[in-house]
Amino acid sequence: MVFLLYLLINAGVVYGFFRIRSKQLAPLEILFYWCIGSMLVQNYSALQTMNFKSAMVPDQLGPAFAHLLNRTVLYPVLTLLFLHTFKASKGAGTRLICLIGFSLLMYGFEYLSGALGVFVHLTLKEWWAMTYWLLHNLIMVGIMILFRNKLQSGGAR
Amino acid sequence: MNFRFDGNEWFVVACSIVLLTYVWIIRKHFQPMLMLILWVYNLVFVATLDYALAATPFHLYDCMDNATYEPMAAYAHAFLYTPYSFIFLYYYDKWSINRNKRVLLFYLSAWTCIALFFEWISLKFGFLDYGRGWKMTWSVPTYPLSALLTIRVYRFIKDQLVNHPFRPQE
């Protein structure tokens, strides 16, 4: 049941992103940021569940597959939506609101997955999770700036 | 520290140095931007499969000394597996493997054999531990499938870099 719910949420977020007609991101950027977003989330999840034991994914098929879907699709696509919105925003104030808003949204999804028994916080403090998403989004903005500069130079240097 | 630096760690470091040296020699064949994107793609592909199969949801094998996420596992994702794909793609281009399906089939079979041999050595050195149920025969279909996906992504990146030069609308 929880897997079906997350299947719908993931499909909805993917549909929401790909139906945007005038995307701010080029196809290569979508591939690259998707990979980086997924890598950051998987490292965060692996460290919390396997090393620090501060969170856990229940050993049941539904939650475990829902978590697999979330770390490879949901969070990376939310990252793409964030970067698209961030790029489309004009002015520092709007961009700051976008950064904080998306960080809270992503934390909200993590909180929801905890409440539904998918990625359960044991000793992981809520503000750590919030800080993680803020840092995650800041890192992604930095990567986007560097990557765009590299692409604009033709990628030859 | 959740690991000891012993035989299996040295095995990973030694293999990665050999492979990275090989990639350094053939690096001119690839555009730097292509290398960067392909490197990240491969890293994430391997890490995703490893996390899913070794940890949640499947728990089928261990990588390195124990069931935790060790730094050397992350190192292997970045510097051990990824160079293979560059060597694979280098000869794929150099020998024009895509000229017919029979040649491609032979090339994929040869690489599957190389990958299985490396997997067997990895088991001997304790880099991988199949005590939790994974069978080496299950790996056989994963190599050609991964290779085909790598070719697909390689062509996509090349096409995007050559035919659709990126011009941001600032």
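Residues numbered from 1 in each chain as written. Chains lettered and ligands numbered in written order. Predicted model: local features only at pLDDT ≥ 70, side-chain atom pairs only at ≥ 80, totals over all residues. Heavy atoms only, no water.

Novice: Explain the overall build of chain B to me, please; I cannot follow it from the model alone.
Specialist: Counting its regular elements, chain B contains six helices and two strands. Taken over C-alpha atoms, the radius of gyration comes to 17 Å for chain B, in line with the 15 Å a tight globule of 170 residues would show. Counting only C-alpha atoms, chain B reaches 45 × 45 × 35 Å along its principal axes. Burial status across chain B gives 50% buried among its 170 residues. Sequence separation of 24 or more characterises 75% of the internal contacts of chain B that already satisfy a separation of 6 or more. Entry remark: accessible area of chain B is about 9100 Å², with carbon and sulfur atoms responsible for 68%. When the 14 basic and 11 acidic side-chain charges of chain B are each reduced to a single mean position, those positions are 15 Å apart. (Helix = DSSP H or I, 4+ residues; strand = E, 2+ residues; numbered from the N terminus. Rg over C-alpha atoms; globule rule 2.2 N^0.38 Å. Buried < 20%, exposed > 50% of the residue type's maximum accessible area, 1.4 Å probe, protein only. Contact = heavy atoms within 4.5 Å. Areas by Shrake-Rupley, 256 points an atom, 1.4 Å probe, with all protein chains shown as cover. Lys, Arg positive; Asp, Glu negative; His and termini not counted. Charge placed at Lys NZ, Arg CZ, Asp CG, Glu CD.)

Novice: Explanation requested: the UniProt feature "transmembrane region" (unreviewed entry) in chain A in the structure shown.
Specialist: All names here are of chain A. Those places that UniProt annotates as "transmembrane region" (unreviewed entry) correspond, in this numbering, to residues 25–44, 96–121 and 127–147. Along residues 25–44, the helical share is 90% and the strand share 0%, with 25 Å between the first and last C-alpha atoms. This span, residues 127–147, is 100% helix and 0% strand, and a straight line between its end C-alpha atoms measures 30 Å. (UniProt positions renumbered as here; feature names shortened; annotations may be inferred.)

Novice: Explain the nonpolar core to me, please; I cannot follow it from the model alone.
Specialist: Among soluble globular proteins, nonpolar side chains are generally buried collectively. One finds A:Tyr33, B:Phe30, B:Leu38, B:Phe127 and B:Ile157 to be the most contacted residues of the largest nonpolar core, which totals 101 residues. Broken down by element, the residue count for this core peaks at 13 residues, all from helix α3 (residues 61–88) of chain A. If you look at the next biggest cluster of nonpolar residues, it comprises five residues, including A:Met50, B:Tyr51, B:Ala55 and B:Tyr69. (Core = buried A, V, L, I, M, F, W, Y, C linked by side-chain atoms within 4.5 Å.)

Novice: What is the right way to look at the interface of chain B and chain A in this model?
Specialist: The accessible area lost on association of the parts is a frequent measure of interface size. Between chain B and chain A, the residue contacts involve 30 residues of the former and 36 residues of the latter. Taking both partners together, chain B and chain A bury about 2800 Å²; carbon and sulfur atoms supply 72% of that area. Summed over the shared surface of chain B and chain A, the result is zero salt bridges. There are seven residue pairs in polar contact (both at pLDDT 80 or more) connecting chain B and chain A. Sorting the residues of the side of chain B that touches chain A by element identifies α2 (32–54) and α6 (142–163) of chain B as the ones contributing at least two each. (Buried area = accessible area lost by both parts, 1.4 Å probe. Salt bridge = Lys/Arg side-chain N within 4 Å of Asp/Glu carboxyl O. Polar contact = N/O pair within 3.5 Å; in protein donor to acceptor, adjacent residues only side chain to side chain.)

Novice: Help me understand the packing of helix α5 (residues 126–152) of chain A against α2(B), please; the structure alone is not making it clear to me.
Specialist: Two elements in contact, α5(A) and α2(B), have axes whose closest approach is 10 Å; the angle formed by their N-to-C orientations is 145°. You can see that α5(A) and α2(B) cross each other, and the crossing is left-handed. On α2(B), the residues that touch A:Phe147, A:Lys150 and A:Leu151 of α5(A) are B:Met33, B:Leu36 and B:Ile37. Residues of the contact of α5(A) with α2(B), tallied by class, amount to five nonpolar, no polar and one charged. (Axes fitted to C-alpha atoms, helices over the stretch in contact; angles between N-to-C directions. Left-handed = near helix turned anticlockwise from the far one by under 90°. Nonpolar A, V, L, I, M, F, W, Y, C, P; charged D, E, K, R; others polar.)

Novice: Just to check I follow, could you spell out a nonpolar patch on the surface for this structure?
Specialist: Residues and elements named next belong to chain A. Judged by side-chain polarity, Leu 96, Ile 100, Leu 104, Met 130, Leu 134, Leu 135, Leu 138 and Ile 139 come together as a nonpolar surface patch covering roughly 690 Å² of accessible area. Residue assignment for the nonpolar patch shows that the elements contributing at least two residues are α4 (92–115) and α5. With five residues, α5 is the largest single contributor of residues to the nonpolar patch. Relative to the assigned elements, Leu 104 resides in helix α4. (Patch = residues over 30% accessible without salt bridge, like charges linked within 9 Å, V, L, I, M, F, W, Y side chains within 5 Å.)

Novice: Is there a simple way to explain the pattern of salt bridges in this structure?
Specialist: Residues and elements named next belong to chain B. Applying the stated rule across the entire model yields three salt bridges over all chains. A salt bridge links Asp 62 to Arg 132; its shortest N-O distance comes to 2.5 Å. With a gap of 70 residues between them, Asp 62 in strand β1 (residues 62–63) and Arg 132 in the loop between β2 (128–129) and α5 (136–139) connect regions that are remote in the sequence. Two residues, Lys 158 and Asp 93, come together in a salt bridge whose shortest N-O distance is 3.8 Å. Highlighted residues: Lys 158 in helix α6 and Asp 93 in helix α3 (residues 71–94), separated in sequence by 65 residues.

Novice: Where do I start with the environment of B:Tyr41 in this structure?
Specialist: Tracing the backbone through its elements, the reader meets B:Tyr41 in helix α2. Judged by its relative accessible area of 8%, B:Tyr41 falls in the buried class. Here the alpha-carbon distance between B:Tyr41 and B:Thr82, two residues 41 residues apart in the chain, equals 9.0 Å. B:Tyr41 has contacts with A:Cys35, B:Leu149, B:Thr150 and B:Val153, leaving out every residue within four places of it along the chain.

Novice: Before we go on, may I ask you to explain the packing of aromatic side chains in this structure?
Specialist: The geometry of an aromatic ring pair is captured by two quantities: the separation of the ring centres and the angle between the planes. Residue and element names in this part refer to chain A. Summed over all chains, the structure comprises 39 aromatic pairs over all chains. Their ring planes at 5° and their centres at 3.8 Å tell us that Tyr 44 and Tyr 132 sit as a pair that is stacked. Linking Tyr 44 in helix α2 (residues 27–51) with Tyr 132 in helix α5, this pair joins segments that are 88 residues apart in sequence. We note that Tyr 44, like Tyr 132, is buried. (Phe/Tyr/Trp six-rings, centres within 6.5 Å; stacked < 30°, edge-to-face > 60°.)

Novice: Please explain the side chain of A:Thr79 as it appears in this structure.
Specialist: Looking at where A:Thr79 falls in the secondary structure, it is placed in helix α3. For A:Thr79, the residues in contact, after removing those within four places along its chain, are A:Met106, A:His136 and A:Met140.

Novice: Can you help me understand the UniProt feature "transmembrane region" (unreviewed entry) in chain B in this one?
Specialist: All names here are of chain B. The positions that UniProt labels "transmembrane region" (unreviewed entry) are, in the present scheme, residues 7–26, 33–54, 74–92, 104–123 and 138–157. With 100% helix and 0% strand, residues 74–92 has end C-alpha atoms that lie 27 Å from one another. In the segment residues 104–123, helix accounts for 100% and strand for 0%; the C-alpha atoms at its two ends are 28 Å apart.

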